[in-house]
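Observations on chain architecture
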Amino acid sequence: MGNDQQKGSYIVRNVRWWILIAVIALVAAACGDGGAATTSAGETPATTAGEAPATTAGEAPATTGAGTGDLAGVELKVWGGSSGTAEDEALTELLNQFNSETGANAVFEPQQDMTTALNTALAGGDPPDVFYVDSNNLPDLADAGALAPIPEGALTEPDDIYPSLREAFTYDGTWYCPPKDFSTLGLVYDPAALEAAGVAVPTTWEELAAAAEALTTDTQAGLAMGVEYPRWGVFLFQAGADLTNPDVSEITLDTPEAREALQFVADQYASGSFVRPSDVDAGWAGEAFGQGKAAMTIEGNWIVGYLDQTFPDKEWAVAELPAGPAGEGTFAFTVCYGVAESAPNPDASWALIEYLTNSEGALAWTSAFNVMPARESVAETWLNDHPELEAFVTGADYAHRWGFAPGFGDVIGVFNEQANAIVDGDATVDDLISETVSAGEDVIS
Amino acid sequence: MNVSGGSGNRPPRSNLEEEKTSTTLKPPALGRAPHRARLDKREPLLGWLFSAPAVLGLIVFLVIPIVAAVWVSFRDWNGIASIFDSESVGLANYRELLTDDGVRRTDFAISLRNNLYYVLGVVPTQTIIAFILAVILNQKLLKGKGFFRTAYYFPSITSSIAITLIFVFLFQTNGAVNRVLPFQDIDWLDNARGVIHNFLGVFGVEGPAFLTENEFMGLELWDWLAGPSVAMVAIMMLVTWTSVGTFMLIFLAGLQNISPSIEEAAVVDGASSVQRFFRITIPLMRPTIFFVVTLGLIGTWQVFDQVYAGTQGGPRKTTFTPAYLIYFQAFTNSKAGLAAGIAVILFAIIMFFTWVNRKVIRDTGDF
């Protein structure tokens, strides 16, 4: 009897266990679904997975046009690698305006480590609706098929956006996302120091070398500049050279022009009129300049906010970069608003991006910062508010993009390593060229 | 119900328990044998059932990730698209890291060299210092033991990122370290020159031809012998300072396990304190030393936080470590397959060194 009783209770108890396990499993599964459901199926049944492929395939104009009307209640998650609270607040304010006009609910979620967070979200199949994409990161994302191209008609007057910036977000002939703003490199200098040394603002390499030499004293270097490709590269452009050809299928560094440019830069460091920021105990060139350890530096728009905040008494001005033998050249650094190929609600995402990047949105966004609007039509209006930054805007005319091919980080790593070795006196320009070319050919092939 | 609700499912483990069961179940002589037999049959299932939460956790968070990492290392995954869309590339990732001439093999070789010097520097130093501290703290006459224990252990429980950032300030050219040191200022975190190269340079040795002309894994033999860069030495000091406390505690626990009677017997036999330390303390501490060195090896081969927060691999890649390279390749260079390959090789390296360590400690022991 006892045996039967036991047997029965054993089964009963086992069943209970299995039920418990099943419940736990179901709860876990439900939680997993829940996350995705809130952004897609939950709020906007009409625009879920079923319609998404059709939108990108060609029906875009129609759906986008209609889409703006039914944004009420749509949840939109915007991710960005934020530069600070000022940017968070400015973007949140723009999103709030968008929300009050359309009834959508777009929220900005700043990310500490944007690339890592975004890659993980994309690989996990749960990407944010709209996210920042750095031009340097675009080839990786586009090559992986993670980005949705801009649907036709999603943007008003796309031709108004600077061609060099459109180019920066074009991969394999497809334009993926509109820039939110851009920055260029300019020559930032201390007018008082130049006056004291009796030199004019340099406009050519010869003048730059002479000015840097004249400005160099025991406590002040002529020019502080990071030893890395995103700075040294501008001298390549000014000499008519480049690291790669335009479609990044070939490394083109082994040319007399490139050699001349690199040698010019190397000579300036060797003579002590250029310094590496860390050599004067500064974290970056802007800090060295702000502390008065260098009279000039080559930096971008971001230095303006930094100087205003950290060195409010520092006097500074910006000029265009001095021209080299082949003319002018600078870098444009830019970030766009991207939409994932697997975006749950692409229509709403593009509607938001349109709002943020049309001429009105671009101007509203950039007025809060020192970055420049990506649209030519509003450049003048912006300049009226920031007349001292004209040199940065002019740079857009001849700026080169910052971005190469998937996996190109290794090559830039080799360039930077060799460039530092040159400054340390452990390598020559020829070493840099041969090492970089062989690394580049490895990666491209 | 009552009967089974008692201890029916559990096999009797102790005599006491067996007696209890036998008194509750009547009649004991007849009912016991079949009951036991059935219990034995259920036992494995129930065992699994009860350990299921833990086993499930291990499978989800340990077994699957490890298997997945090995699997990914044979694929061309970019870390962005779905992993199932990636292509199988066989051994291509490993070839790129180990045999194919190219930038990735050179980078990997550089990271291995850096980390090897790092391990050679940190593991002995932290083990010896921790041991000495533990022996000092184990003295019966020492006052304020609690204070010292806390003080030494404190760095170990502080965030490594926070410590690194503070050390970055200390190691600035005009920072506290250079102020305290009597010789000329050193640019600690920006000096890429290897200390062995520097040392040989004093004697005018500048890379003999047979070392500069031959290379292994794309890196000149002379560069393999560079030694840790000054920046790496700074990181080594930082890490030693941080980790000594934990190992000191482990040693202290080991020392307190040694019975005072052994020590007393040695005193009676007329052994000096030095003899007692080398003939009694160290042999008896051998298992603890093995444990500490093994933990040290595993930890040092995985150094990441300090590099990430302190130097980002620079200056001139001299603080690149395999763990940092994994991060770089997987997250900023979209080469997750390659990164997984590095992880698997790193795992093999750690296994190898642990095995060597085990061999050495065992073979030299006489017990």
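Below or above, wherever it landed, is the structure these notes cover. (Residues numbered from 1 in each chain as written. Chains lettered and ligands numbered in written order. Predicted model: local features only at pLDDT ≥ 70, side-chain atom pairs only at ≥ 80, totals over all residues. Heavy atoms only, no water.)

Moving on, we get to the nonpolar core. All names here are of chain A. Counting 80 residues, the largest nonpolar core has Leu-91 and Leu-352 as the members making the most contacts within it. Here this core takes seven residues from helix 13 (residues 346-357), the largest share from any one element. Here this core spans two domains, and each of domain 1 (52-62 + 73-183 + 334-385) and domain 2 (185-331 + 405-444) adds at least three residues to it. Contact partners of Leu-352, with chain neighbours within four places excluded, come to Leu-76, Val-78, Leu-95, Phe-98, Ala-106 and Val-130. (Core = buried A, V, L, I, M, F, W, Y, C linked by side-chain atoms within 4.5 Å. Buried < 20%, exposed > 50% of the residue type's maximum accessible area, 1.4 Å probe, protein only. Helix = DSSP H or I, 4+ residues; strand = E, 2+ residues; numbered from the N terminus. Domains from an automatic or database assignment. Contact = heavy atoms within 4.5 Å.)

Now for the side chain of B:Gln306. Residues and elements named next belong to chain B. Residue position: Gln-306 is located in helix 16 (residues 305-311). Given the relative accessible area of 10%, Gln-306 is considered buried. Aside from chain neighbours lying at most four places away, what touches Gln-306 is Ser-160, Thr-164, Ile-235, Leu-238, Val-239 and Thr-311.

With that out of the way, let us pick up the side chain of B:Asp107. Checked against the element boundaries, B:Asp107 lands in helix 5 (residues 103-137). Polar side-chain contacts of B:Asp107 include one of 2.8 Å to the side chain of B:Lys317. Among all residues touching B:Asp107, those that are not within four sequence positions of it are A:Asp410, B:Lys317 and B:Leu325. (Polar contact = N/O pair within 3.5 Å; in protein donor to acceptor, adjacent residues only side chain to side chain.)

Residues and elements named next belong to chain A. With respect to the helices and strands, Phe-98 occurs in helix 3 (residues 85-102). A C-alpha to C-alpha distance of 10.0 Å links Phe-98 and Gly-361, two positions 263 residues apart in sequence. With residues near it in sequence (within four places) discarded, Phe-98 still touches Leu-71, Leu-76, Gly-103, Ala-104, Ala-106, Ala-351, Leu-352 and Tyr-355.

Turning our eyes to something else, we now look at the packing of aromatic side chains. Remark: the centre distance and the inter-plane angle together describe each pair of aromatic rings, the angle taken between the planes. All names here are of chain A. Under the definition given, this model contains 45 aromatic pairs over all chains. For the ring pair Phe-333 and Trp-402, a centre distance of 6.2 Å and an interplane angle of 65° mean the geometry is edge-to-face. Of this pair, Phe-333 sits in strand 11 (residues 330-338) while Trp-402 sits in the loop between strand 12 (399-401) and helix 17 (409-424), and the two are 69 residues apart along the sequence. Per residue, the accessibility class of Phe-333 equals that of Trp-402, and both read buried. Here the aromatic cluster, defined as three or more aromatic residues joined through ring pairs, consists of Tyr-229, Phe-237, Trp-302, Phe-331, Phe-333, Trp-402, Phe-404, Phe-408 and Phe-415. Sitting above the plane of the Phe-289 ring, Lys-314 keeps its charged end 4.8 Å from the centroid. (Phe/Tyr/Trp six-rings, centres within 6.5 Å; stacked < 30°, edge-to-face > 60°. Lys NZ or Arg CZ within 6 Å of the ring centre and 35° of its normal.)

Further remarks concern the state of the cysteines. Simply put, disulfide is the name for a covalent bond between the sulfur atoms of two cysteines. All names here are of chain A. Tallying each qualifying case throughout the model produces one disulfide over all chains. Two residues share a disulfide in this structure: Cys-177 and Cys-336, whose sulfurs sit 1.9 Å from each other. Residues Cys-177 and Cys-336 share a disulfide whose torsion about the S-S bond is about -65°; that sign makes it left-handed. A residue pair is termed long-range when its members are at least 10 positions apart, and Cys-177 in the loop between strand 5 (174-175) and strand 6 (179-189) and Cys-336 in strand 11 qualify at 159 residues. For the pair Cys-177 and Cys-336, one class covers both residues: buried. (Disulfide = S-S within 2.5 Å.)

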